[in-house]
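So you can see what is in the structure, the chains are spelled out below.
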Amino acid sequence: MADAAGCTRTAGFRLLRTLQARGFAIQDEARGLWRLGARWSALGRAAAEQGALAAVAMPVLASLGKASNENVYLRVRDGMESETVAIFQTDPSLRVYTEVGKRLPLHAGSSRVLLAHAPEAVQTQVLTQRLPRYTPATRTDPAWIAADLQRIRGRGYLVTSDEVVPGAV
């Protein structure tokens, strides 16, 4: 396993022990063999559900993309971040600002709309930590962001520019 992972045997053993502690690996004590733990099936189900969401959403993304002549991204909140689960690229010459699986902060850019509709406990947790700045346009003032979350809920949408990637609107 260490050779396949490109690490030392010691590092590979540490990885196995970490996976074991989290339920992803089980060691047969009698023979010393390792096998997959029960948590892998949950991870597989979660991955399949993400794929199902993307498949169901794609006709809607395509319709929106064709109507707006813009790329359309589907993001979901996962804990304290958002994750891109699907992209419809209207025109191959338009720049794509993320890729499927990319995780983004909730406080900046279009992910802030997810923060606006997240449970209050999530909003509080995000706004009480140090918020990283990605570009000069990134908003990091918790008071301003909290007020913007109310504006987003009132309007029903968010327009943002250059907050995570320069040129992304």
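Residues numbered from 1 in each chain as written. Predicted model: local features only at pLDDT ≥ 70, side-chain atom pairs only at ≥ 80, totals over all residues. Heavy atoms only, no water.

### Concerning the sheet that holds strand 4 (residues 81-88)
Okay, step 1: Spatial strand order, 3-4-5: 3 strands in an open sheet with antiparallel pairing. Single-partner strands in this sheet number two, and they are strand 3 (72-78) and strand 5 (103-105). With strand direction ignored, the average angle separating the axes of adjacent strands in the sheet is 40 degrees.
Okay, step 2: Examined bridge by bridge, strand 3 and strand 4 share 7 bridges and lie antiparallel to one another. Residue pairing in the sheet places Tyr73 in a bridge with Ile87 of strand 4. (Pairing = 2+ DSSP bridges. Helix = DSSP H or I, 4+ residues; strand = E, 2+ residues; numbered from the N terminus. Axes fitted to C-alpha atoms, helices over the stretch in contact; angles between N-to-C directions.)

### Quick look at helix 2 (residues 9-21)
An α-helix turns once per 3.6 residues; consequently, residues spaced three or four apart project the same way.
Okay, step 1: Taking 1.5 Å of rise per residue, 13 residues should cover 18 Å, and helix 2 covers 18 Å from first to last C-alpha, within 8% of that figure.
Okay, step 2: After helix 2 finishes, the residue Gly23 shows a positive phi value of roughly 85 degrees. (Expected span 1.5 Å × (residues − 1).)

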